[in-house]
Structure formats: C-alpha cells, structure tokens
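# Topology and contacts: notes
Given next are the chains, with one letter for each unit.
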Amino acid sequence: MDLGEVNHQRIKTNGVWLHVVEKGSGPLVLLLHGFPEFWYSWRHQITFLATHGYHVVAPDLRGCGDSDSPLSPSSYTVLHLAGDLVGLLDYFGEQQAFVVGHDWGAVLGWHLSLLRPDRVKGLMALSVPYFPRDPVAKAIESFRERFGDGFYISQFQEPGRAERAFARYDYLTVMKKFFLINKTDLLVAPGGMEIIDHLQTPAVLPPWITEEELQVYADKFEESGFTGALNYYRAMDLQVQILSPFYPS
C-alpha cells in the first residue's frame with residue numbers, strides 16, 4: 001500500500017540502534033508492534049493518525065526488523081525495552097506520548113506506564129490486558145505445569161528450538177501460520193509436535209490482508225531471523241525477578 005511520505009531513520013537509544021518510521025506533526029503517538037511483526041503492522045494507522053494531527057512514530061522494537069538485535073535474552077526485559085522508548089521520547093524532545101501497543105507492544109505499553117507514568121499521556125493496549133505476576137513464581141515453570149511442553153511459550157524457551165522448527169517451512173508459510181490463526185483456545189501442540197507444525201496454513205486469505213503484504217513480513221524476517229523476536233519470550237522469567245519490587249504483594 002502507498003504510505004505517502006514517511007521518514008525512515010535509525011536512532012541510537014539505550015545502547016542500541018532502532019529503526020523507526022515517522023510521519024506527521026502534533027502530539028506524539030508511539031505505535032508498538034508484537035510478534036512476529038515490525039513497524040509495517042501499523043501501515044494503515046500511520047497515515048490515518050498523521051492526517052488527523054498526530055506525530056506518529058512506529059519503531060521496529062529491538063530484535064525486530066531493521067533495529068539492532070542483541071543475542072542474549074537478558075537484553076530483552078521490559079526495563080531494556082522501556083529504556084529504548086524513553087530514549088525515543090527524549091530524541092524527539094517530547095515529555096509524554098500516547099502509546100498504542102499490540103501483543104508484546106501492549107505488554108511494553110503497560111510496563112512503561114507502570115515504570116514511567118510521567119512519560120505516558122494515554123495508553124491503548126490490544127490483545128494483552130495488564131495482570132501483575134506473582135513475584136515469587138517462575139512464569140515458564142508455571143506454564144509448563146499448566147499447559148505442558150506443547151504450549152508455544154514453553155517451546156520458545158530453548159535457544160534454537162523454535163528457529164529450527166520454523167526453518168522446515170519457507171518464511172511466507174511461517175507468516176501465514178502465525179498471522180492467520182483461527183483458533184480461539186490456547187496455542188498448545190499435541191505431545192511430541194512443534195507448535196509451528198500444529199498451526200494450519202489457510203488455503204484462502206481473509207480480506208484484511210494480501211499475499212503481497214504477508215510477503216513483506218516474510219522478506220523482513222528472512223533478513224533478520226527470528227531469534228531477536230523470540231528472545232522476548234526467553235526473558236520472561238528474568239523479567240518477573242527484576243520487576244518484583246513493582247508488583248503488589
């Protein structure tokens with residue numbers, strides 16, 4: 001689709017370089033994507049918001065798209081991610097922003113509001129509501145006890161496991177499997193099966209996305225790989241530990 005005039009740039013923040021797409025002027029709006037995505041997920045909203053008087057900034061979050069992708073999962077806690085966003089606000093000279101997040105972007109939006117409420121003017125979270133975790137519990141251990149090894153978050157923990165499973169398919173098929181999930185229950189594969197094998201590949205696309213748009217995602221992840229995006233899941237237990245002072249007892 002034609003986005004019109006948008007500004008692409010790489011910004012150094014919190015020790016990493018982030019690629020961002022920017023358009024418009026006015027109050028700042030940060031658009032935060034989820035998994036497996038990058039700024040392109042907001043292609044429809046960027047121009048709409050810009051034409052309605054907002055300065056729109058859609059970053060590739062660290063590990064995704066054309067942004068830096070640290071190798072260690074320990075570099076993907078919400079403290080790191082929130083620090084990236086505070087750096088973006090500072091770069092653009094804004095004290096506050098409206099924050100819109102989807103999936104992991106919603107998690108980041110909730111925690112940015114918790115950690116730095118002075119920098120958030122308003123929050124819209126899609127897909128993921130806020131819920132405080134038990135600061136003592138280990139998130140991944142709890143998931144395995146409740147849902148088994150077939151749960152997608154459990155399978156994403158071991159470095160390289162999901163990447164090897166994804167590699168059995170071309171990148172476009174992987175995108176179709178994740179973007180076009182039609183299940184309403186939890187993503188749990190049967191015993192001995194990888195979640196990517198369990199997900200179906202629809203024969204017909206829904207009207208809200210085209211083959212060409214899915215190919216944009218496929219091409220970008222073929223360039224970047226999936227490890228950075230998967231590291232968000234691999235940092236979950238560490239995240240619970242370091243955020244324990246902020247959770248209500």
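The coordinates are above.
Residues numbered from 1 in each chain as written. Predicted model: local features only at pLDDT ≥ 70, side-chain atom pairs only at ≥ 80, totals over all residues. Heavy atoms only, no water.

## Thoughts on the sheet that holds strand S5 (residues 97-102)
The strand order across the open sheet built from six strands is S1-S2-S4-S3-S5-S6, with neighbouring strands paired in mixed fashion. Looking along the sheet, the strands with just one partner apiece sit at the ends: strand S1 (7-13) and strand S6 (120-126). Across the sheet, the mean angle from the axis of one strand to that of its neighbour is 25°, orientation sign disregarded. Pairing geometry for strand S3 (residues 28-32) and S5, over four bridges, is parallel. Note that in S5 the partner of Leu 30 across the bridge is Val 99. Packing against the sheet, helix H2 (residues 78-91) makes contact with S1, strand S2 (16-23), S3, strand S4 (55-59) and S5, and its axis sits at approximately 115° to S1. Of the strands in this sheet, S3, S5 and S6 touch helix H3 (residues 104-115), which is tilted by about 150° from S6. (Pairing = 2+ DSSP bridges. Helix = DSSP H or I, 4+ residues; strand = E, 2+ residues; numbered from the N terminus. Axes fitted to C-alpha atoms, helices over the stretch in contact; angles between N-to-C directions. Contact = heavy atoms within 4.5 Å.)

## Quick look at the nonpolar core
Ranked by size, the top nonpolar core spans 78 residues in total, and within it Leu 31, Phe 35, Phe 156, Phe 166 and Met 175 carry the most contacts. With seven residues, the single largest contributor to this core is H2. Discounting chain neighbours no more than four positions away, the residues touching Met 175 are Pro 36, Leu 180, Leu 214, Tyr 217, Ala 218, Phe 221 and Phe 226. (Core = buried A, V, L, I, M, F, W, Y, C linked by side-chain atoms within 4.5 Å. Buried < 20%, exposed > 50% of the residue type's maximum accessible area, 1.4 Å probe, protein only.)

## As for the packing of aromatic side chains
For the structure on display, the rule yields 27 aromatic pairs. Here Tyr 76 and Tyr 232 contribute two aromatic rings whose centre-to-centre distance is 5.4 Å and whose plane-to-plane angle is 55°, an arrangement assigned as tilted. Here the residue Tyr 76 occupies a position in the loop between S4 and H2, and Tyr 232 occupies one in helix H10 (residues 227-234), the gap between them amounting to 156 residues. A relative accessible area of 0% means that Tyr 76 is categorised as buried. Centroid distance Phe 156 to Phe 166: 6.1 Å. Interplanar angle 90°. Geometry classified as edge-to-face. Separated by ten residues along the polypeptide, Phe 156 in the loop between helix H5 (152-155) and helix H6 (161-166) and Phe 166 in helix H6 bring together distant segments of the chain. It is Lys 177 that lies over the ring of Tyr 169; its NZ or CZ is 4.6 Å from the centre. (Phe/Tyr/Trp six-rings, centres within 6.5 Å; stacked < 30°, edge-to-face > 60°. Lys NZ or Arg CZ within 6 Å of the ring centre and 35° of its normal.)

## Some words on the pairing of S3
S3 sits mainly inside the fold: five of its five residues count as buried. Covered by surrounding structure in S3 are Leu 28, Leu 30 and Leu 32 together with Val 29 and Leu 31, the residues of both alternating faces. When S3 meets S4, the two strands line up parallel, connected through three bridges. Bridging across to S4, Leu 28 finds its partner in His 55.

## Some remarks on the environment of Trp 42
Checked against the element boundaries, Trp 42 lands in the loop between S3 and helix H1 (43-51). Judged by relative accessible area, Trp 42 falls into the buried class, the value being 6%. A sequence separation of 42 residues divides Trp 42 from Asp 84, and the C-alpha atoms of the two residues are 19 Å apart. The residues contacting Trp 42, other than those within four sequence positions of it, are Leu 31, Leu 32, His 33, Ala 58, Val 100, His 102 and Leu 126.

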